[in-house]
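# Chains, contacts and geometry: an overview
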Amino acid sequence: MNVPADLRYSSSHEWLRLDGDIGTVGISDHAQEALTDVVFVELPAPGRKVDAADPTAVVESVKAASDIYAPVGGEVIEINPAVEADPALVNTDPYGNGWLFKLRVKNPAEALALLDAAAYTALIS
Amino acid sequence: MTPELKHSPLEAAHQALGARLVPFAGWNMPVQYTSILTEHHAVRSQAGIFDISHMGQFLVSGPACAAWLNRLLTNNVDKLAPGHGQYTLMLNEQGGVIDDLIVYRSGETDFFLVVNASMIEEDFFWMASHQDADIILRNESELWAGMAIQGPQASAIFAAACPGETLPPRNGYATTAAAAIVCRTGYTGEDGFEFFCPAAAGIAAWDTFIAAGAAPCGLGARDTLRLEMGYPLNGNDLSPTRSPIEAGLGFFVDLTKPDFIGRDTLLLQKSEGAAVKLCAIQYTDKGAPPRAHYPVLAADGTALGELTSGVLSPSINAGIAMAYLPTAFSKLGTPLQIDVRGRLFPATVVKKPFYKAK
């Protein structure tokens, strides 16, 4: 299972890539495999303010719709139009072109409460 | 407490193939091996094999058993020559569906019934409680392994896997030299057959069909394939409070038979018109996948009911669904809206099937 070392992870299987106060969010390789073929994603409206653990997006497989939670609080500043057009990117490139949305993170220290790669690997193994 | 899951005689084969096993109708069954979409397309373009060992098999025999079955089932078994089968329904006294099943005439006074996994006990109890003295009724569900080979390559796979055997015609029934049962039926809309053999011989047969080119497919693809054809799933699209007339299955009801359980209600619905009808519904644009229990609204926002099944069709890449709608809203082309988590997606009533097999 691919768990990049430079990301932070939530116990609900989102990842966060922090660059200054901009956080990019997607779902982990483990999550995409568990969900199976992603056929639809519903992304938040840019400008929406969310708290950590708020349901912020929806990823749908053939069989089920799953809520995706904001790993940290902030304001949605960008969404990924590529995954709306081709939801399978979440399966094929979960840490790259399959990212879901970007947040202007309110309190970057919140990211410290997330799991590092080693702790997340332990969680899923 | 959850009763213990039942295990298919093919379960070891599923585990060896790396299947994802989930509880379904009280059974531990494969939902997918690789991906639902891959398996779906394999059946539409080549051929797939499904474990259907969870389904029930009943044997009915006795000199007067055809007349007895005709009182329990909606279709007419007198139309069946030996070696042929038909889709039929078993109703309660109110005309609601207990189960949908296929009945094959295996001999002049012998019948082979294949029923839904979740309904084996209830069906058997219902039939036994209506049993006449000279009717022999046996539940053989535990004895048989079952597999469905479906897709345009199915008959070639049969020829390779069962040399010297002849595939029966559409809806036909045959037995092989090794005492397996072969039925030219399925639940995908593609050509194909269902193969039943003694449980202990199941894995060898399964492996033989896979070696002949059938891709293992799980219940996930089975559901998307059946819904593209508009085939109902009992428990979703059929229920004890809905009749086959309401479900659009009047073709499988012979109202000219003098008597069968549920007939009075069906006659009334036929003469007065049913209040609701199970409709095929398709999105007119892209949208979030429709799913069972999502609300269905009229174009003006009036609540009409809820979806009984729904999926994003892998073959036509559109949201497809079914729902019981008031008859006034059941005409082809009627504009509707599907409520997905508060967002409304436009849809219309369309003709079944959603997808036409090539």
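All of the points below concern the structure found in this document. These figures come from a predicted structure and were not determined experimentally. (Residues numbered from 1 in each chain as written. Chains lettered and ligands numbered in written order. Predicted model: local features only at pLDDT ≥ 70, side-chain atom pairs only at ≥ 80, totals over all residues. Heavy atoms only, no water.)

Across its full length, chain A holds 4 helices and 9 strands. Over its C-alpha atoms chain A spans a radius of gyration of 13 Å, differing by no more than 12% from the 14 Å that the globule rule assigns to 125 residues. Over its C-alpha atoms, taken along the principal directions, chain A stretches across nearly 35 × 35 × 20 Å. Expressed as a percentage of the 125 residues in chain A, the buried residues total 49%. Only carbon and sulfur atoms are counted for the fraction: they give 51% of the accessible area of chain A, which is about 5500 Å². Between the averaged position of the 8 positive side-chain charges in chain A and that of its 19 negative side-chain charges there is a distance of 6 Å. (Helix = DSSP H or I, 4+ residues; strand = E, 2+ residues; numbered from the N terminus. Rg over C-alpha atoms; globule rule 2.2 N^0.38 Å. Buried < 20%, exposed > 50% of the residue type's maximum accessible area, 1.4 Å probe, protein only. Areas by Shrake-Rupley, 256 points an atom, 1.4 Å probe, with all protein chains shown as cover. Lys, Arg positive; Asp, Glu negative; His and termini not counted. Charge placed at Lys NZ, Arg CZ, Asp CG, Glu CD.)

We now examine the environment of B:Leu10. All names here are of chain B. The topology assignment puts Leu10 in the loop between β1 (6–7) and α1 (11–16). The exposure class of Leu10 is buried, given its relative accessible area of 0%. Separated by 135 residues in sequence, Leu10 and Ala145 have C-alpha atoms that sit 7.4 Å apart. The residues touching Leu10, leaving out its near neighbours within four places in the chain, are Asp51, Ser53, Ala145, Gly146, Met147, Gly202, Ile203 and Trp206. (Contact = heavy atoms within 4.5 Å.)

Turning our eyes to something else, we now look at the interface of chain B and chain A. Listed as interface residues are 16 residues of chain B and, on the opposing side, 14 residues of chain A. For the chain B and chain A pair, buried surface summed over both sides reaches about 1300 Å², with 52% attributable to carbon and sulfur atoms. It is B:Arg20, B:Arg291 and B:Arg341 in chain B that bury the most area against chain A; as a group they hold 38% of the surface buried on that side. On inspection of chain B and its partner chain A, the count reaches 5 salt bridges. The residue B:Asp223 makes a salt bridge to A:Lys63 at a minimum N-O spacing of 3.9 Å. Remark: the boundary between chain B and chain A carries 13 residue pairs in polar contact (both at pLDDT 80 or more). Going through the elements one at a time, α2 (36–45), α7 (219–228) and β17 (303–312) of chain B are the ones with two or more residues in the side of chain B that touches chain A. No other element matches the 3 residues that α7(B) contributes to the side of chain B that touches chain A. Across the side of chain B that touches chain A, the residue classes break down as 6 nonpolar, 5 polar and 5 charged. (Buried area = accessible area lost by both parts, 1.4 Å probe. Salt bridge = Lys/Arg side-chain N within 4 Å of Asp/Glu carboxyl O. Polar contact = N/O pair within 3.5 Å; in protein donor to acceptor, adjacent residues only side chain to side chain. Nonpolar A, V, L, I, M, F, W, Y, C, P; charged D, E, K, R; others polar.)

This part takes up the sheet that holds strand β8 (residues 110–115) of chain B. Residue and element names in this part refer to chain B. A sheet is described by the order of its strands in space; here 5 strands give the open sequence β6-β7-β8-β5-β9, paired in antiparallel fashion. Because the sheet does not close on itself, it has two edges, and the strands there are β6 (84–91) and β9 (136–139). Direction aside, the axes of adjacent strands within the sheet are offset by 25° on average. Pairing of strand β5 (residues 56–61) with β8, which is carried by 6 bridges, proceeds in the antiparallel orientation. Its bridge partner being in β8, Phe58 is matched across the sheet by Leu113. (Pairing = 2+ DSSP bridges. Axes fitted to C-alpha atoms, helices over the stretch in contact; angles between N-to-C directions.)

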